[in-house]
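# A structural walkthrough
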Amino acid sequence: MKLIPTPYKMNCAGDISPIVGIGEIICQVPVDETIAWGLEQVKNSIGENGGEKLLLCQINDSFFSEKNATEQGYILKRDAAGLTLIAQSSIGFLYGLMTLLQAAEQAPVQFAIYDKPQIRFRGNMNTLWAESCIWSYDFGDGLDAACKRLKNAIDQMAKAKLNFIYVDAFGFRTERFPGYDATMREISEYGRIRGVRMMAGGYGMGYGLSALGNFYMGKVFYNRYPYPDG
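Presented here is an overview of the structure given in this document. (Residues numbered from 1 in each chain as written. Predicted model: local features only at pLDDT ≥ 70, side-chain atom pairs only at ≥ 80, totals over all residues. Heavy atoms only, no water.)

## Side note on the overall build of the chain
Just so we agree on the cut-off: In this text, helices come from DSSP runs of H or I with a minimum length of four residues, and strands from runs of E with a minimum of two, each type numbered from the N-terminal end. Contacts between residues were defined by any pair of non-hydrogen atoms, one from each residue, lying within 4.5 Å. Areas reported as accessible are Shrake-Rupley estimates using a 1.4 Å probe. Residue values count occlusion only from the protein chains shown.
The number of helices and strands found in the chain is 6 helices and 11 strands. Pairs at least 24 apart in sequence give 77% of the contacts found in the chain among residues at least 6 apart. Carbon together with sulfur atoms contributes 53% to the accessible area of the chain, which is approximately 12,800 Å² in total.

Shown next as structure tokens:
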């Protein structure tokens, strides 16, 4: 199987037998919003009409003692009994389900995937170098369209197991335009469910003050009180 990203360890045996439908899903773990979203993607992509069984469970395995494995790792197996997904966290189950999406059409009769990231935070810069050299997202086609585009990017990131997006800022001010704050909260919550952290850039203490002149960069630069009162 060719999977992106390449799993940490994978063993396959037997002929190719595509997973064309999952007729039964057994969850032996609490299903939160993250796992529920992953299961929804599996149902929508692979389908619910089929003879395959999928079991989600938590089992102690030495694999989960390895770096990043407890937080984001998973074990995905297929054998005569069906599909088994083992993880220690909601994100681990989500990533296992995302791998299942990719593997469905090329899955052999038997396989075992042990997967965990080598790098804990894997990011994507979803910004433009625009507006007088300020990192900023392009909201030029309207807030609703930008929000929809960002959510689609987050969905694709989750499926590729990317978990960090550099989305906006360098201005140190809220409500940059009407609806901005509420939209950022909405997108942050959307990303949280999919295991994607949002990052807004900013300047360190005193950065660039000599070059700013009269250019407004947010309320932080109008703080005139010295430390520790400022």
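## So, the packing of helix 4 (residues 143-159) against helix 5 (residues 180-193)
Note the threshold: Axis angles are defined between N-to-C directions and span 0 to 180 degrees, where every axis is a line fitted to C-alpha atoms and, for a helix, only to the segment in contact. Throughout this description, any angle smaller than 35 degrees is read as roughly parallel, any larger than 145 degrees as roughly antiparallel, any in the 65 to 115 degree range as roughly perpendicular, and the remainder as oblique. Here is the rule for handedness: rotate from the far helix to the near one, and if that takes an anticlockwise turn smaller than a right angle the crossing is left-handed, while a clockwise turn gives right-handed.
Orientation of helix 4 relative to helix 5, taken along the N-to-C sense of each, is 15°, at an axis distance of 10 Å. Between helix 4 and helix 5, the interaxial angle falls into the category roughly parallel. For the crossing formed where helix 4 meets helix 5, the hand is right-handed. On helix 5, the residues touching Leu143, Cys147, Leu150, Lys151, Ile154 and Asp155 of helix 4 are Tyr180, Thr183, Glu186, Ile187, Tyr190 and Gly191.

## As for the packing of helix 1 (residues 33-46) against helix 3 (residues 90-103)
For clarity, the threshold we go by: Think of it as three bins: nonpolar holds Ala, Val, Leu, Ile, Met, Phe, Trp, Tyr, Cys and Pro, charged holds Asp, Glu, Lys and Arg, and polar takes everything else, Gly as well.
Interaxial distance between helix 1 and helix 3 falls to 8 Å at its minimum, and their mutual angle equals 10°. If you check the angle between helix 1 and helix 3, you find them roughly parallel. Contact residues: helix 1 offers Thr34, Ile35, Trp37, Gly38, Leu39, Gln41, Val42, Ser45 and Ile46, while helix 3 offers Ser90, Ile91, Phe93, Leu94, Leu97, Met98, Leu100 and Leu101. Looking at the contact of helix 1 with helix 3 residue by residue, the class counts come to 12 nonpolar, 5 polar and no charged.

## Some points on helix 1
Our working definition: How far a helix is expected to stretch is found by multiplying one less than its residue total by 1.5 Å. Working definition: with a 1.4 Å probe on protein chains only, accessible area under 20% of the residue-type maximum means buried, over 50% means exposed, and in between means partly exposed. Any N or O atom pair separated by 3.5 Å or less is treated as a polar contact, with the protein-specific requirement of one donor-capable and one acceptor-capable atom, and with residues adjacent in sequence counted only for side-chain atom pairs.
With 14 residues, helix 1 extends 20 Å from end C-alpha to end C-alpha; this agrees with the ideal 20 Å at 1.5 Å per step. Regarding helix 1, the residues found buried are Thr34, Ile35, Trp37, Gly38, Leu39, Gln41, Val42 and Ile46. On its buried face, helix 1 sits against strand 2 (22-27), strand 3 (52-57), helix 3, helix 4 and helix 5. Capping the start of helix 1, Asp32 holds a side-chain oxygen 3.2 Å from the backbone nitrogen of Thr34, two or three residues further along. At the exit of helix 1 stands Gly47, carrying a positive phi of roughly 100°.

## Some thoughts on the environment of Tyr114
Its place among the elements puts Tyr114 in strand 6 (residues 108-115). Given the relative accessible area of 18%, Tyr114 is considered buried. On a C-alpha basis, the gap between Tyr114 and Phe64 in space is 9.6 Å, while along the polypeptide they are 50 residues apart. Among residues more than four places away in sequence, those in contact with Tyr114 are Tyr8, Lys9, Asp61, Phe63, Tyr74, Ile75 and Lys77.

## Quick look at the packing of aromatic side chains
The condition that has to hold: Only rings of Phe, Tyr and Trp enter the pairing, Trp through its six-membered ring, and a pair is recorded when the two centres are within 6.5 Å. The plane angle decides the type: under 30 degrees is stacked, over 60 is edge-to-face, the rest tilted.
Scanning the entire structure with this criterion turns up 4 aromatic pairs. Between Phe63 and Tyr114, the aromatic rings sit 5.5 Å apart at their centres with planes inclined by 80°, giving edge-to-face as the arrangement. Residue Phe63 is located in the loop between strand 3 and helix 2 (69-72), and its partner Tyr114 is located in strand 6; the two are separated by 51 residues in the primary sequence. Residues Phe63 and Tyr114 agree in their burial class; the two are buried. Counting every residue linked through ring pairs, the aromatic cluster contains Tyr8, Phe63, Phe64 and Tyr114.

## Section: the sheet that holds strand 5 (residues 82-87)
Counted only if it meets this: Two strands form a pair only when DSSP identifies at least two bridges running between them.
Taken in spatial order, the 6 strands make up an open sheet running 1-6-4-5-3-2, and their pairing is mixed. One side of each edge strand has no neighbouring strand; the edge strands of this open sheet are strand 1 (9-16) and strand 2. Taken pair by pair, the neighbouring strands of this sheet meet at an average axis angle of 10°, ignoring direction. As paired strands, strand 1 and strand 6 are joined by 6 bridges and run antiparallel to one another. The residue of strand 6 that forms the bridge with Asn11 is Ala112. Across the sheet, helix 1 lies against strand 2 and strand 3, angled at about 170° from strand 2, the strand it touches most.

## Observations concerning the pattern of salt bridges
Inclusion rule: For this analysis, a salt bridge means a side-chain nitrogen from Lys or Arg found within 4 Å of a carboxyl oxygen belonging to Asp or Glu.
On inspection of all chains with the given rule, the structure shows 7 salt bridges. For Glu189, the salt bridge goes to Arg192, with nearest N and O atoms at 2.6 Å. You can see Glu189 and its partner Arg192 sitting in helix 5, 3 residues apart, about one turn around the helix. Shared partners join several salt bridges into a network, and the residues in it are Glu33, Glu189 and Arg192.

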